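Residue-level structure breakdown
Listed below, chain by chain, are the residues.
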Amino acid sequence: MPKALVIVLLLCAPAAAQDFFTLKGHGGPIMDIEVSTDGKIATASFDNSVGLWSGQEPRWLDGNRAAVNALAFLSDGTVIAGGDDFSVWHLGSDKSDAVQLGEHKGKVTSLAVSPDGNLAASGSWDGSIGLWSLSQFEEMASLRGHKQGVNDVAFSTDGSQLYSASVDGTIRVWDVVSGQEIRQLVKHGFGVNELIVNEPEGWLAYGAVDGGTRIIDIATGAEIADFSLDRRPILALAYDAGGHQLAVGDGEGYIMIIDTKAMKITRDFRATQRGPIWALAFSTNGQNIHAGGIEDIMYSWPVATLDEHGQMAGNARSFLVDPNTLPNGERQFKRKCSICHTLTAGSARKAGPSLYRVFGRQAGTVADYVYSDTLNKSDIIWSADTINALFNEGPDHYIPGTKMPMQRIAKQQDRDDLIEYLSTATVQREN
């Protein structure tokens, strides 16, 4: 699933099962949710951080240099994490305890831990799968064979094999010891985003870009059931083994619950008014489904009463006002900048540095933000001309190696209006 931090142990679960609740505090969309065996919740966000939740209060684990896409709990309660900085990290109880296992050459989209807790697997958009020693904190092997990015990975029950899903439309099975590909289990016409492996019951479920949600025989690849609806893409899967429940999240904001014993859909809930479902996880007893999307809030619904509670608004907090009602310069800021940047004096919990007093400031100099090496060494001074060039050329061309998302503002008038808005908005707000 869908995709450098730190960690501490949590004291208790955030809410009683069968209660609807939310967890608020992130500064960007929720990209992954993981639940430990004793019910602790970890959330990964576009804001570069992980939240570890005790009640409604998070412990923030900062250190990642870009959006965090994937998490996995280890047996000791610590966490491994990977994201858009291409790295896989083991996170300790303090920022100084964070240990980088290594790097890919593309963003890390998924993580899995072997049943014995000795290995971690990471899928990356560089097309490779990394195998990492969790005792030595080093790379053991790099599995290559997919023709495009790897979206998801999962170990077999005994840890001897690894399953991988890819943008190339295949699900492949690997021998962990030798690193050799054993077989292609699925060759789908569209990219496969998510998979769930259930060897005890003999099936594998996968979700694809075309909206396909299928359950197949894990030995033969034969289709057991097809739950594809006219909604695409599938972006998140979660499984509750005790209750035989498979949850499916899609790009149109629905959460579908499938009873895998009866092989039928039991719930189909429009969970968000706008935007996708990017992350799903069941509570340990299977009574709640936790979900994340474009908002900076994690939602948790009781499965039994899923459609009796409110939807996600489907908006980041910066979009609480309809951007279409705003002047053009402010609208450009809301659409292009606000999800990553504040206008106040502190960078807050955002993926980018504060823009407060940005004009005349040297790039890479906001004290409470961790920059890429590229910007740390930059001699750019932010001005109307340099901001115009940034969005005219695109950050990836204007500052090669930056963490800033690849985007342009094509129209000169839109760039001019944004710059005019920033020239006043970035000096008027102190808190």
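See above for the structure.
All of the points below concern the structure found in this document. (Residues numbered from 1 in each chain as written. Predicted model: local features only at pLDDT ≥ 70, side-chain atom pairs only at ≥ 80, totals over all residues. Heavy atoms only, no water.)

So, the sheet that holds strand S16 (residues 170–175)
Keep this limit in mind: At least two bridges found by DSSP between two strands is the condition for calling them paired. Labels follow the DSSP assignment, with helices taken as runs of H or I lasting at least four residues and strands as runs of E lasting at least two, numbered in each case from the N terminus. A fitted line through C-alpha atoms serves as each axis, taken over the contacting stretch for helices, and the angle formed by two N-to-C directions is quoted from 0 to 180°.
Here we have 4 strands laid out as an open sheet, ordered S14-S15-S16-S17, and antiparallel in their pairing. Edge positions in the sheet fall to strand S14 (150–155) and strand S17 (181–187), since each of these pairs with one other strand and no more. Adjacent strand axes in the sheet meet at a mean angle of 20°, parallel and antiparallel pairs treated alike. Of the strand pairs in this sheet, S14 and strand S15 (residues 161–166) are connected by 5 bridges, and their pairing is antiparallel. Looking at the pairing, Asp152 lines up with Ala165 of S15.

A closer look at empty space enclosed by the protein
A water-sized probe, rolled over the atoms, reveals where empty space remains. Selection criterion: Space inside and on the surface of the protein is sampled on a 1 Å grid over the protein atoms alone, with a cavity defined as a set of points where a 1.4 Å probe fits but cannot get out and a pocket as an open set with protein on both sides within 12 Å along at least 5 of 7 lines; lining residues have an atom within 4 Å of a point. Grid points are joined across faces, edges and corners, and a volume is the space filled by probe spheres set on the points. Here the term charged refers only to Asp, Glu, Lys and Arg, the term nonpolar to Ala, Val, Leu, Ile, Met, Phe, Trp, Tyr, Cys and Pro, and the term polar to all other amino acids, Gly among them.
Empty space within the largest cavity amounts to approximately 50 Å³. For the largest cavity, the full set of lining residues is Gly211, Thr213, Phe227, Ser228, Leu229, Arg231, Ile234, Val248, Gly249, Asp250, Tyr254 and Met256. Elements with a minimum of two residues in the lining of the largest cavity: strand S23 (245–250) and strand S24 (254–259). A per-element tally of the lining of the largest cavity places S23 first, with 3 residues. When grouped by side-chain class, the residues that make up the lining of the largest cavity number 6 nonpolar, 4 polar and 2 charged.

Considering the nonpolar core
Selection criterion: Side-chain atoms within 4.5 Å are what join buried Ala, Val, Leu, Ile, Met, Phe, Trp, Tyr and Cys residues into a set we call a nonpolar core. Buried residues are those whose accessible area, probed at 1.4 Å on protein chains only, stays under 20% of the maximum for their type, while exposed residues exceed 50% and partly exposed ones sit between those limits. Here, residues are in contact when the closest pair of their heavy atoms is within 4.5 Å.
In terms of nonpolar packing, the biggest core is built from 22 residues, with Phe333, Leu343, Trp382, Phe391, Leu418 and Leu422 touching the most fellow members. Of all elements in the fold, only helix H3 (384–393) and helix H5 (412–428) reach the threshold of two or more residues within this core. Ranked by residue count, the leading element in this core is H5, at 5 residues. Those residues within four positions of Trp382 in sequence are excluded, and the remaining contacts are Val358, Phe359, Gly360, Arg361, Ala363, Ile387, Leu390, Tyr398 and Ile399. Of all hydrophobic cores here, the second largest spans 18 residues; its members include Phe269, Leu280, Tyr299 and Met312.

So, to be careful, I would describe these as geometric facts and stop short of saying anything about function.
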